[in-house]
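Here is what each chain is made of, one letter per residue.
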Amino acid sequence: MKRHEFLRGLHKATANRNYLEIGVNDGRSLTLSRVPSIAVDPAFKVVTEIRCDVHLVKATSDDFFARDNPLGHLKGGRHPVRNLRRGRSPLGYWRRTTLDLAFIDGMHLFEYALRDFINIEKHSDWSSVIVFDDMLPRSIDEAARDRHTDAWTGDVYKIIEILNRYRPDLVTVLVDTQPTGQLIIFGADHESTVLKDKYDEIMAEFDVPDPQKVPEAVLERVKAVTPETLLGADFWRPLVRARNRGLSRSRGWEPLRSALEGLSAGR
């Protein structure tokens, strides 16, 4: 399954009420959204029709998240009247705006992807679904920090090890999409500061010159599940119901974590 087909499936499975995209390029992935959205790219060149209420942000993701109330555009998607019409609590309008689905496909260097995750997690909840693109390079050349190939993932694959080591509280699921795989994160905790606190330590270890030592397990996609397996899993409907009801982390996360055990890249 190609990545855009999988993303279309994620939009359906998550029944997301909002969407954030880092790295817009020509807008092909953004065309999949039908909900209030924010799309961030310092040099986007959208050439396809967009069919959602979108705030296109021409800025780096670091600059975007440094703004006051960066998710302000998504507040309208939680209007109390709209929530009542959809059978949801109107109180959501006054709650902290959280992301239901986020897609990270910005600069293909691990430190940029890591900062994007740190910033996105501040605006997420345990029920949020966060997606990294280009996590399974097909060769060492494709995974280079200094781009010298046509197709390029860079070294964002390092996010897999970083999250599994520093954030074992999360569940990470590698997905064998074409061409270069994706990583899905469950269990975000907006109160966590571990990655921010350990950022310099992480940089000191993982920022190394080319050629990169890409693990064989990454190149051979050993721990990746098929897209069909993840999209067809039984946990999606309970997750959506719990999220829409505003179920707390203490009540909702452990059942979801248990349901994800067999899929985790950290297993």
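Residues numbered from 1 in each chain as written. Predicted model: local features only at pLDDT ≥ 70, side-chain atom pairs only at ≥ 80, totals over all residues. Heavy atoms only, no water.

Asks: Can you help me understand the overall build of the protein in this one?
Replies: Per the secondary structure count, the protein includes eleven helices and seven strands. For the protein, the C-alpha radius of gyration of 18 Å lies close to 18 Å, the compact-globule estimate for 267 residues. Projected onto its principal axes, the C-alpha coordinates of the protein cover approximately 55 × 40 × 35 Å. Taken across its 267 residues, the protein has 53% of its residues classed as buried. Counted over contacts in the protein with a minimum sequence separation of 6, partners at least 24 positions apart contribute 65%. Surface exposure of the protein reaches about 12500 Å², of which carbon and sulfur atoms provide 50%. Side-chain charges in the protein split into 40 positive and 39 negative, and the spacing between the mean points of these groups amounts to 9 Å. (Helix = DSSP H or I, 4+ residues; strand = E, 2+ residues; numbered from the N terminus. Rg over C-alpha atoms; globule rule 2.2 N^0.38 Å. Buried < 20%, exposed > 50% of the residue type's maximum accessible area, 1.4 Å probe, protein only. Contact = heavy atoms within 4.5 Å. Areas by Shrake-Rupley, 256 points an atom, 1.4 Å probe, with all protein chains shown as cover. Lys, Arg positive; Asp, Glu negative; His and termini not counted. Charge placed at Lys NZ, Arg CZ, Asp CG, Glu CD.)

Asks: Please explain the sheet that holds strand β1 (residues 19–22) as it appears in this structure.
Replies: One key point about sheets: their strands pair by backbone hydrogen bonds, in either a parallel or an antiparallel sense. Strand order in this open sheet of seven strands is β3-β2-β1-β4-β5-β7-β6, and the pairing throughout is mixed. Each edge of the sheet is formed by a strand with only one pairing partner; in this case those strands are β3 (54–57) and β6 (171–175). In this sheet, neighbouring strand axes are inclined to one another by 15 degrees on average, regardless of whether the strands run parallel or antiparallel. Relative to strand β7 (residues 182–186), β6 runs antiparallel, the two being bridged by five bridges. Residue pairing in the sheet places V171 in a bridge with F186 of β7. Helix α4 (residues 110–121) rests against β1, β4 (101–104), β5 (129–133) and β7 of the sheet, and its axis sits at about 165 degrees to β4. Where helix α5 (residues 158–166) meets the sheet, it contacts β5, β6 and β7, and its direction lies at approximately 20 degrees from that of β7. (Pairing = 2+ DSSP bridges. Axes fitted to C-alpha atoms, helices over the stretch in contact; angles between N-to-C directions.)

Asks: What am I meant to see in the packing of aromatic side chains here?
Replies: Across all of its chains, the model carries six aromatic pairs by this definition. For the ring pair F235 and W236, a centre distance of 4.6 Å and an interplane angle of 40 degrees mean the geometry is tilted. Of the two residues, F235 and W236, neither departs from the other in class, the shared state being buried. Here a set of aromatic residues connected by ring pairs shows up, and it is made of F186, F235 and W236. Lying across the ring of F44, K58 places its NZ or CZ 5.8 Å from the centre. (Phe/Tyr/Trp six-rings, centres within 6.5 Å; stacked < 30°, edge-to-face > 60°. Lys NZ or Arg CZ within 6 Å of the ring centre and 35° of its normal.)

Asks: Could you clarify how one ought to interpret the packing of helix α1 (residues 3–14) against helix α10 (residues 236–244) in this entry?
Replies: Any two packed helices are characterised by how steeply their axes cross, that is the angle between the axes, and by the distance between the axes. Between α1 and α10, the least distance of the axes is 9 Å, while the angle of their chain directions is 55 degrees. Taken together, the axis directions place α1 and α10 in an arrangement best described as oblique. Counting all contacts with α1, which are made through L10, A13 and T14, the residues of α10 involved are W236, V240 and R243. (Parallel < 35°, antiparallel > 145°, perpendicular 65-115°, else oblique.)

Asks: It is not clear to me how the side chain of S124 should be interpreted in this structure. Could you clarify?
Replies: Relative to the assigned elements, S124 resides in the loop between α4 and β5. Judged by its relative accessible area of 0%, S124 falls in the buried class. A polar side-chain atom of S124 sits 2.8 Å from the main-chain carbonyl oxygen of I120. Not counting chain neighbours up to four residues away, the residues in contact with S124 comprise R96, T98, L99, I130, A188 and H190. (Polar contact = N/O pair within 3.5 Å; in protein donor to acceptor, adjacent residues only side chain to side chain.)

Asks: In this structure, what is going on with the pattern of salt bridges? I would like to understand it.
Replies: Between side chains of opposite charge, pairing is possible as soon as their charged atoms come close. Counted by the stated rule, this structure contains 17 salt bridges. In this structure, D133 and R3 form a salt bridge, with 2.1 Å as the shortest nitrogen-oxygen distance. You can see D133 sitting in strand β5 and its partner R3 sitting in helix α1, a full 130 residues away along the chain. When sorted by exposure, D133 lands in the same class as R3, which is buried. The salt bridge involving D155 is made with R145; its shortest N-O contact spans 2.9 Å. Linking D155 in the loop between β5 and α5 with R145 in the loop between β5 and α5, this pair joins segments that are ten residues apart in sequence. The buried category is assigned to R145, whose relative accessible area is 17%. (Salt bridge = Lys/Arg side-chain N within 4 Å of Asp/Glu carboxyl O.)

Asks: Whenever I open this one, the pairing of β5 confuses me. Can you help?
Replies: A large share of β5 lies buried, amounting to five of its five residues. By the alternation rule, side chains of β5 split into V129, V131 and D133 and I130 and F132, which are all buried. Alignment of β4 against β5, held across four bridges, turns out to be parallel. In the sheet register, A102 faces β5, and the bridge partner there is I130. Regarding topology, α4 serves as the crossover connection from β4 to the parallel β5, and that connection is right-handed. Alignment of β5 against β7, held across four bridges, turns out to be antiparallel. In the sheet register, D133 faces β7, and the bridge partner there is Q182. (Right-handed = clockwise from strand over helix to strand, strands pointing away.)

Treat this as a map of the structure, not an account of what it does.
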